[in-house]
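Chain by chain, the residues run as shown.
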Amino acid sequence: LDDINKYNRNGLVSTNGTSASAKNNSSSANNNTQLQTKCVSQLPDKTYITSNWTEFIHEFVAKFEPKPNAFMFNQGLWPHDQFQEPAVYEQIIKAISDAGMISIYKTTTKHVTAESAEIQLYEQKICELVDYCLDLSWTWLVPDHLYADRAHFFEPVYSWFNIGLLNILSSAF
């Protein structure tokens, strides 16, 4: 979450996560080895860092110009035990709704472990509360040769994820 929450209003964000001043845009544009895209134009003036989801949604995401229509979130395989607390995910979903955005929860890719049953329980509850749920519970069926490591895939698996997300977005909008 901390990496997601670090953006600079006047900066450029490259594919490798580095940033450069927008004033240096002309020199950076000539560098073919680093792809860069401009950040959203109306971000706060300072770098924004928080580990509080609702604050991040209200004070950062909701102030984008233009404001996003949807907000997708998930816990993933990181040790964010706070997601197991109903008060936490209920506050996140409420913050998304209060900001006038559609909530989309992406379930965690599945591995058959002791903790996968625990994850499934609270993710089912979250999916009942959000506007849309991108359910990846089928990933336990993905054959081993399509895994890059314990948590990441090779194509075409990510294309399948994208098709699911595009189906959700096409029905939402």
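Residues numbered from 1 in each chain as written. Predicted model: local features only at pLDDT ≥ 70, side-chain atom pairs only at ≥ 80, totals over all residues. Heavy atoms only, no water.

Trainee: How would you summarise the pairing of strand 4 (residues 70-73) if you had to cite specific residues and measurements?
Mentor: Burial along strand 4 is one-sided: F71 and F73 are buried, while A70 and M72, pointing the other way, are not. With 4 bridges joining them, strand 4 and strand 5 (residues 102-106) adopt parallel strand pairing. Bridged to F73 within strand 5 is Y105. (Buried < 20%, exposed > 50% of the residue type's maximum accessible area, 1.4 Å probe, protein only. Helix = DSSP H or I, 4+ residues; strand = E, 2+ residues; numbered from the N terminus. Pairing = 2+ DSSP bridges.)

Trainee: Account for the nonpolar core, naming residues and giving values.
Mentor: Of all hydrophobic cores here, the largest spans 23 residues; its most connected members are I57, F71, F73, F83, I92 and I126. Counting residues per element, the ones that place at least two in this core are helix 2 (53-59), strand 4, helix 3 (86-98) and helix 4 (114-129). The element best represented in this core is helix 3, accounting for 6 residues. Among residues more than four places away in sequence, those in contact with I126 are F73, F83, Y89, I93 and Y105. (Core = buried A, V, L, I, M, F, W, Y, C linked by side-chain atoms within 4.5 Å. Contact = heavy atoms within 4.5 Å.)

Trainee: Mind laying out the side chain of T108, listing which residues take part and the relevant values?
Mentor: Mapping T108 onto the fold places it in the loop between strand 5 and helix 4. Polar side-chain contacts of T108 include one of 2.7 Å to the side chain of E123. If sequence neighbours within four positions are ignored, T108 has contacts with G76, L77, I119, E123 and L136. (Polar contact = N/O pair within 3.5 Å; in protein donor to acceptor, adjacent residues only side chain to side chain.)

Trainee: Any chance you could break down the pattern of salt bridges for me, citing the residues and the numbers?
Mentor: By the definition in use, this model includes 2 salt bridges. Residue D98 is joined to K94 by a salt bridge in which the shortest nitrogen-to-oxygen separation is 2.7 Å. Within this pair, D98 and its partner K94 are both found in helix 3, separated by 4 residues, close to a single helical turn. (Salt bridge = Lys/Arg side-chain N within 4 Å of Asp/Glu carboxyl O.)

Trainee: Give me helix 3: which residues, what numbers.
Mentor: Its 13 residues place the ends of helix 3 18 Å apart at the C-alpha level, agreeing with the 18 Å of an ideal helix rising 1.5 Å per residue. Just past helix 3, the residue G100 takes up positive phi, approximately 80°. (Expected span 1.5 Å × (residues − 1).)

Trainee: Pulling in residues and values, what's your account of the side chain of T50?
Mentor: Among the secondary structure elements, T50 is positioned in the loop between strand 3 (36-38) and helix 2. Within the structure, T50 has its side chain in polar contact with the backbone nitrogen of N52 (distance 3.0 Å). At a separation of 3.4 Å, a polar atom in the side chain of T50 contacts the side chain of E55.

Trainee: Let's hear about the packing of aromatic side chains: which residues, and what values?
Mentor: Taken as a whole and judged by the stated rule, the model has 12 aromatic pairs. Judged by centre distance (5.4 Å) and plane angle (85°), the ring pair of Y158 and F161 falls under edge-to-face. Pair noted here: Y158 and F161 are both in helix 5 (residues 157-172), with a separation of 3 residues, about one helical turn. What makes F161 buried here is its relative accessible area of 8%. Each residue in the set W53, F56, F60, F64, F71, F73 and Y105 is aromatic and connected to the rest through ring pairs, giving one cluster. (Phe/Tyr/Trp six-rings, centres within 6.5 Å; stacked < 30°, edge-to-face > 60°.)

Trainee: Now, about the confidence of the model for the protein chain: what can you tell me, with residues and values included?
Mentor: Looking at the protein chain as a whole, its pLDDT mean stands at 76, while 70% of the residues score no less than 70. Across residues 1-40, where pLDDT falls below 50, the model places 58 contacts with residues more than four positions away in sequence or in other chains. (pLDDT = per-residue confidence, 0-100.)

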